[in-house]
Amino acid sequence: METTVSPATDSTNLNPPHVVVRGNAREFLQEVVTGRHHLQGDEPVNDGGKDAAPGPYDYLLISLGVCTSMTVGLYARRKQIPLENITVSLRHSRIHARDCEECETKEGMLDRINLKIELTGALTGDQHSRLMAVAAKCPVHRTLKSEIDIRLHQGTAI
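Residues numbered from 1 in each chain as written. Predicted model: local features only at pLDDT ≥ 70, side-chain atom pairs only at ≥ 80, totals over all residues. Heavy atoms only, no water.

I'd like to hear about the packing of helix H1 (residues 56-78) against helix H2 (residues 125-135), residue by residue, with values.
Viewed as axis vectors pointing N to C, H1 and H2 meet at an angle of 135°, and their least axial separation amounts to 9 Å. Of the possible angle classes, the one that applies to H1 and H2 is oblique. The way H1 lies across H2 gives a crossing that is right-handed. Judged by residue contacts, Thr-68, Thr-71, Val-72, Tyr-75 and Ala-76 of H1 engage Arg-130, Leu-131, Val-134 and Ala-135 from H2. Here the residues of the contact of H1 with H2 are counted per class, giving six nonpolar, two polar and one charged. (Axes fitted to C-alpha atoms, helices over the stretch in contact; angles between N-to-C directions. Helix = DSSP H or I, 4+ residues; strand = E, 2+ residues; numbered from the N terminus. Parallel < 35°, antiparallel > 145°, perpendicular 65-115°, else oblique. Left-handed = near helix turned anticlockwise from the far one by under 90°. Contact = heavy atoms within 4.5 Å. Nonpolar A, V, L, I, M, F, W, Y, C, P; charged D, E, K, R; others polar.)

Quick rundown of the nonpolar core? Include the residues and the values.
Within the largest apolar cluster, nine residues are counted, these being Val-72, Ala-76, Ile-81, Leu-83, Ile-117, Leu-119, Leu-123, Leu-131 and Ala-135. Those elements giving two or more residues to this core turn out to be H1, strand S5 (109-121) and H2. Discounting chain neighbours no more than four positions away, the residues touching Ile-81 are Tyr-75, Ala-76, Leu-123, Gln-127, Arg-130 and Leu-131. (Core = buried A, V, L, I, M, F, W, Y, C linked by side-chain atoms within 4.5 Å. Buried < 20%, exposed > 50% of the residue type's maximum accessible area, 1.4 Å probe, protein only.)

Provide a residue-level description of H1, including the pertinent values.
Helical geometry note: an α-helix holds 3.6 residues per turn, so side chains three or four residues apart project in the same direction. When the terminal C-alpha atoms of H1 are compared, their 33 Å separation across 23 residues agrees well with the 33 Å that a helix rising 1.5 Å per residue should span. Taken together, the buried positions of H1 are Leu-61, Leu-64, Gly-65, Cys-67, Thr-68, Thr-71, Val-72, Gly-73 and Ala-76. Gln-80 sits one or two residues past H1 and shows a positive phi near 55°. (Expected span 1.5 Å × (residues − 1).)

Kindly report on the sheet that holds strand S3 (residues 37-41), identifying the contributing residues and their values.
Ordered by their spatial adjacency, three strands build an open sheet running S1-S2-S3, and the pairing between neighbours is antiparallel. Because the sheet does not close on itself, it has two edges, and the strands there are strand S1 (20-23) and S3. Adjacent strand axes in the sheet meet at a mean angle of 25°, parallel and antiparallel pairs treated alike. In terms of strand pairing, strand S2 (residues 30-34) meets S3 through five bridges, oriented antiparallel. Looking at S3, one finds that Gln-30 is bridged to Gly-41. (Pairing = 2+ DSSP bridges.)

Describe the pattern of salt bridges, naming the residues involved and giving the relevant values.
Here the structure, examined in full by the defined rule, presents five salt bridges. Among the ionic pairs, Asp-111 bridges to Arg-94, the shortest N-O distance being 3.0 Å. Taken together, the positions of Asp-111 in strand S5 and Arg-94 in strand S4 (residues 83-96) put the pair 17 residues apart, joining distant regions of the chain. Classification of Asp-111 by relative accessible area gives partly exposed; the value is 42%. Exposure remark for Arg-94: the relative accessible area of 46% places this residue in the partly exposed category. The salt bridge involving Lys-116 is made with Glu-118; its shortest N-O contact spans 3.5 Å. (Salt bridge = Lys/Arg side-chain N within 4 Å of Asp/Glu carboxyl O.)

Residues and numbers for the state of the cysteines, please.
A full pass over the atoms with the stated rule returns one disulfide. Two residues share a disulfide in this structure: Cys-100 and Cys-103, whose sulfurs sit 2.0 Å from each other. Here Cys-100 and Cys-103 share a disulfide; its torsion about the S-S bond, 60°, makes the bridge right-handed. Just so you know, Cys-67 is unpaired, no disulfide at all, and the nearest cysteine sulfur is the one on Cys-138, 3.0 Å from it. Taking the relative accessible area as the measure of exposure, Cys-67 reaches 11% and is therefore buried. (Disulfide = S-S within 2.5 Å.)

Here you go:
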């Protein structure tokens, strides 16, 4: 069987990482660099941080919300659907697996993300339904619903 190695998965790839996060052991505040963008991450005060920036789960929700909104907007533009505005509201929580009838996991705790989408514009019922179906197809949504293989490396190169 022949294996194809893509630049994204090639361990000899010398491209710099897409995201670099730096911090110190004294506090939660982190400096984040992605391309030419500089961000920060922190934890809320009640979790020991200073609430100086969004926390890790905030960034997870931001990622899903931004991707969902962009995907719906792109689809509407391509199909010339008269969509005016998109508002995506998200909340993360931990729930008991036994409280989720449609989930495969039946024991312990699991993560739940509630995502609400508000669409405005002169939309027909069919257009609204199509846009809501497209929302679940954003790449980040599909990534979060799929099996994820995270590989932890030591050292300076990934």
